[in-house]
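An overview of the molecular structure
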Amino acid sequence: MPNRSSSWYEEAVIYSIDVEKFADGNGDGIGDFVGLTEKLTYLSELGITCIWLLPFYRSPDRDNGYDVSDFYSINPKVGTLDDFLTFLHSAGEHGIRVIIDLVVNHTSDQHPWFQAASADPPPVASGAKSIFPGEVDSLWTYDEVARAYYFHSFYEFQPELNAANPRVREEILRIVDYWIAFGVSGFRLDAAPLIIADKGLEHANPRDPHGILREIGSYLQSRRPGGVLLGEVNLPPEASDAYFGEGDQLQLLLNFMLACYLFAGFAGEDAASINQGLSLLPEPPPGCAWVNFLRNLDELDFSRVPADLKKNVFDAFAPKEEMQAFGRGIRRRVAPMLNGDQRRTELAFSIIFSLSGPPLIVYGDEIGIGEDLSQPGRNAVRVPMQWSAERNAGFSGANAGKLCQPIVAEGPFSYKKVNVADQSNDPNSLLNGIRRFISLRRNQPIFTKGRLVRLSAEDPAVLVHGFEDAGSLLLLVHNLAGRRIKTEINFGGMQPGKFRDLIGEVEYAGAIQPRLELEPYAYHWFISEGNGS
């Protein structure tokens, strides 16, 4: 079990990057490690403490790099191993840790393992479906070379590994060992439930399916004490909880369910939805946490929430079919979903940064970047980063036709209207609002040391919660509605004194002045007097 003193990740601010889309350092139109290294000062000044890199391994790139053909080499289009090591070293100098994707549920069909393999096609478990319904019809595909069928939950070019096979497990640990030796601080474990799933093979259903997660976790701690495993476990909360184990499996889990309930709250301007989402979450073991986000770089997945909740959110934020994916998800960025309203976008991020558990930002969301719905699948949200109003948004010096993906050049989210350079110089920009959230969170140990307190407000549109520590109270208040509200806060028997706002100039005397006035989409981070800040 991780030692409390080594749980840096509980206090982390995580930033997710697709290297190809972030910054082009060599002018070929594709983002790379040289460009990313040049932007580390920006990330450090933003307050980021941990970068999560999407797959950058050698790959045919038919699924955003998740079809890996060599786990031990860098995709040449994003750089060399030396470029990666220079980036890793520079990140450390900026006080930023790096975690990378560990994609060991499947490989590319170009991987030597697959090309050397053969198997008979056993029956598929009842009810088993592809991860990509409508695009992939069968879980088994016949390989002409091997003259055999192979299993895949994803695309047919991503054959699955049998994690019950000791040789496969040994190789997974070898991959972990290889990257740990360079100094990465951990891994985001892709598709964790599928790694341990019954794949229709009798020998792929071990008696202790979570054993491999404990094995990876134990090995990581032995090689890098304090290393972290961040799990992609998109299951109902009661099923997800098992992936923490007793803190000996995955230390962090992406909070997929809460993201759905957050947008339900935004759609209905009703705090009850968000409170319901929070109440569904099991308490993580000591040294573990939920990672909260508004979206990641896949579609926002509503497959595991009530149908009426999904309908309300889709009606509000993804009414057109082109905004949807696989019948279950939304392929849009946060700012466009909220109609480019900076007040609402800041409110949404204020909630993320004020919850228990590390916050996660996707690159570009800190400036309110848009999406490109003309792009296929998940590329709609994986648009090139918008650094300035200069040519190609400052992303690349290449000719526009050579860019890995077109820049968002038209409409309200055009790079000429939404970019880092302009927002850096504007104290009232979204970028500087996010910087304030990060700075405040990092300077308030009560977020990780304090006890979460569930509070309520008289008005149903007001979300309120708090953290209590040694008699001090941090009070977080969010008005989800586009109307002015006067509401009373229910402190549940506590008798707090005077509060001051950590962000604005507002003062609030809880017990003496029970009614709080809130502007439309207002948020306040109040702290009781006597608490250092």
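Figured I'd write up the structure that's included with this text. Note that the structure is predicted; figures quoted are calculated from it, not measured.

Let's shift gears to the sheet that holds strand S20 (residues 485-490). The strand order S17-S20-S23 describes an open sheet built from 3 strands, whose pairing is antiparallel. For this open sheet the edge positions go to strand S17 (456-457) and strand S23 (515-518), each flanked by a neighbour on one side alone. Sheet topology places S17 next to S20; 2 bridges connect them, and they run antiparallel. Its bridge partner lying in S20, Ala 457 is registered against Ile 489.

Time to look at the packing of helix H5 (residues 166-180) against helix H7 (residues 211-223). The interhelical angle for the contact between H5 and H7, taken along N-to-C directions, is 30 degrees, at an axis separation of 10 Å. When the axis of H5 is compared with that of H7, the two are roughly parallel. Of the two elements, H5 crosses H7, and the hand of that crossing is right-handed. Side by side, H5 and H7 meet where Arg 169, Ile 172, Leu 173, Val 176, Asp 177 and Ile 180 of the first sit next to Gly 211, Ile 212, Glu 215, Ile 216, Tyr 219, Leu 220 and Arg 223 of the second. For the contact of H5 with H7, the class distribution of residues is 8 nonpolar, 1 polar and 4 charged.

Read from one edge of the open sheet, 6 strands run S16-S18-S19-S24-S21-S22, paired in antiparallel fashion. Here the strands that pair on one side only, and so sit at the sheet edges, are strand S16 (451-454) and strand S22 (507-509). The sheet shows a mean angle of 25 degrees between the axes of neighbouring strands, direction not considered. Bridging between strand S21 (residues 498-501) and S22 involves 3 bridges; their strand directions are antiparallel.

Calculation notes
Residues numbered from 1 in each chain as written. Predicted model: local features only at pLDDT ≥ 70, side-chain atom pairs only at ≥ 80, totals over all residues. Heavy atoms only, no water. Pairing = 2+ DSSP bridges. Helix = DSSP H or I, 4+ residues; strand = E, 2+ residues; numbered from the N terminus. Axes fitted to C-alpha atoms, helices over the stretch in contact; angles between N-to-C directions. Parallel < 35°, antiparallel > 145°, perpendicular 65-115°, else oblique. Left-handed = near helix turned anticlockwise from the far one by under 90°. Contact = heavy atoms within 4.5 Å. Nonpolar A, V, L, I, M, F, W, Y, C, P; charged D, E, K, R; others polar.

These figures come from the coordinates and say nothing about function on their own.
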